[in-house]
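Reading the structure
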Amino acid sequence: MSAIKKKVLLALSGCAVGAVNGIFGGGGGMVVVPLLTGVAGKPPLVAHATAILVILPVSLASAAVYLWGGHFDTELFLSVGLGVLAGGYAGAKLLRAISPSAATIAFAAVMFAAGVRMIF
C-alpha cells in the first residue's frame, strides 16, 4: 500500500473513530488500536499510547456537545472522574511494564468481555 493511500485510509478511519466515540460516549480506542497495529503497522505499546492521545480531543469534543445538550451529571462526573484519573495513571505505568503480546491479549480479552456483556 502506498504511503498516501495509507494516510488517507488512516484519516478516514479517524473519522469513524470520532463517530464511534461521539455516538457511544467512548470506545474509540477499541477501534484505534487495531487500526494502528494493523493498518499503520505500529507495535502494541505505541498503538495503545497513541490511541489514548487520539481519543483525548475526540472525547473533549463529544463531552462539549453532551454538556451543552444538558446531558451531564456533575456529581457522577466528579466521583467517576477521580477513579478514571487514578486508573489511567496506573494503567499507563502497567502498560510499560508488560510485554506487547500480554497487552494485545489483555486488550482482546477486554474487547471480547465487553461484547459478551453487551449481548447479555
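Residues numbered from 1 in each chain as written. Predicted model: local features only at pLDDT ≥ 70, side-chain atom pairs only at ≥ 80, totals over all residues. Heavy atoms only, no water.

Observations concerning the nonpolar core
- Within the largest apolar cluster, ten residues are counted, these being V17, V32, V33, L35, L36, A40, A47, A51, I55 and F107.
- In terms of residues, this core owes the most to one element, helix 2 (residues 28–38), which gives four residues.
- With sequence-adjacent residues up to four places away left out, I55 is seen in contact with V17, N21, G28, G29 and V32. (Core = buried A, V, L, I, M, F, W, Y, C linked by side-chain atoms within 4.5 Å. Buried < 20%, exposed > 50% of the residue type's maximum accessible area, 1.4 Å probe, protein only. Helix = DSSP H or I, 4+ residues; strand = E, 2+ residues; numbered from the N terminus. Contact = heavy atoms within 4.5 Å.)

Points about helix 3 (residues 44–68)
- For helix 3, spanning 25 residues, the distance from its first C-alpha to its last is 36 Å, which sits close to the expected 36 Å at 1.5 Å a residue.
- At I55, helix 3 shows its largest bend, some 25°, and a proline, P57, comes one to four positions later.
- Taken together, the buried positions of helix 3 are P44, A47, H48, A51, I55, V58, S62 and A64.
- Against the buried residues of helix 3 lie helix 1 (3–24), helix 2, helix 4 (74–97) and helix 5 (100–119).
- At the C-terminal side of helix 3, G70 shows a positive phi close to 85°. (Expected span 1.5 Å × (residues − 1). Bend = angle between axes of the 7 residues up to and from the residue.)

Thoughts on the packing of aromatic side chains
- The final tally for this structure, using the stated rule, is one aromatic pair.
- Plain terms: the ring middles of F72 and F77 are 5.6 Å apart, the flat faces sit at 45° to each other, and that makes the pair tilted.
- In this structure F72 comes out as partly exposed when scored by relative accessible area, which is 43%.
- Relative accessible area serves as the criterion here: at 48%, F77 is assigned to the partly exposed category. (Phe/Tyr/Trp six-rings, centres within 6.5 Å; stacked < 30°, edge-to-face > 60°.)

Concerning a nonpolar patch on the surface
- Residues L67, W68, F72, F77 and L78 make up a contiguous nonpolar surface patch of about 620 Å² in total accessible area.
- Broken down by secondary-structure element, the contributors of at least two residues to the nonpolar patch are helix 3 and helix 4.
- Topologically, L67 is positioned in helix 3. (Patch = residues over 30% accessible without salt bridge, like charges linked within 9 Å, V, L, I, M, F, W, Y side chains within 5 Å. Areas by Shrake-Rupley, 256 points an atom, 1.4 Å probe, with all protein chains shown as cover. Salt bridge = Lys/Arg side-chain N within 4 Å of Asp/Glu carboxyl O.)

Some remarks on the environment of V39
- Among the structural elements, V39 can be located in the loop between helix 2 and helix 3.
- Note on V39: relative accessible area 23%, which makes it partly exposed.
- Each C-alpha atom, one on V39 and one on M1, is 9.6 Å from the other, the two residues being 38 residues apart in sequence.
- Non-local contacts of V39, meaning those with residues more than four positions away in its chain, are made with K6, L9, L10 and P34.

Here we look at the confidence of the model for the chain
- With 98% of its residues at a pLDDT of 70 or more, the chain shows a mean pLDDT of 86.
- For the chain, per-element mean pLDDT is lowest for helix 2, which scores 83, and highest for helix 4, which scores 90. (pLDDT = per-residue confidence, 0-100.)

A word on the UniProt feature "transmembrane region" (unreviewed entry) in the chain
- As recorded in UniProt, the feature "transmembrane region" (unreviewed entry) lies at residues 46–69, 76–92 and 98–119.
- With 96% helix and 0% strand, residues 46–69 has its two end C-alpha atoms placed 35 Å apart.
- For residues 76–92, the helix share is 100%, the strand share is 0%, and the end-to-end C-alpha distance is 24 Å. (UniProt positions renumbered as here; feature names shortened; annotations may be inferred.)

Thoughts on the packing of helix 1 against helix 2
- Running from N to C, helix 1 and helix 2 point in directions that differ by 160°, and their axes come no closer than 8 Å. With respect to their mutual orientation, helix 1 and helix 2 come out roughly antiparallel. Both helix 1 and helix 2 take part in a crossing whose hand is right-handed. Contact with helix 1, carried on its side by L10, S13, V17, V20 and N21, involves G28, V31, V32 and L35 of helix 2 and no other residues of that element.
- Here the contact of helix 1 with helix 2 is built from residues that sort into six nonpolar, three polar and no charged. (Axes fitted to C-alpha atoms, helices over the stretch in contact; angles between N-to-C directions. Parallel < 35°, antiparallel > 145°, perpendicular 65-115°, else oblique. Left-handed = near helix turned anticlockwise from the far one by under 90°. Nonpolar A, V, L, I, M, F, W, Y, C, P; charged D, E, K, R; others polar.)

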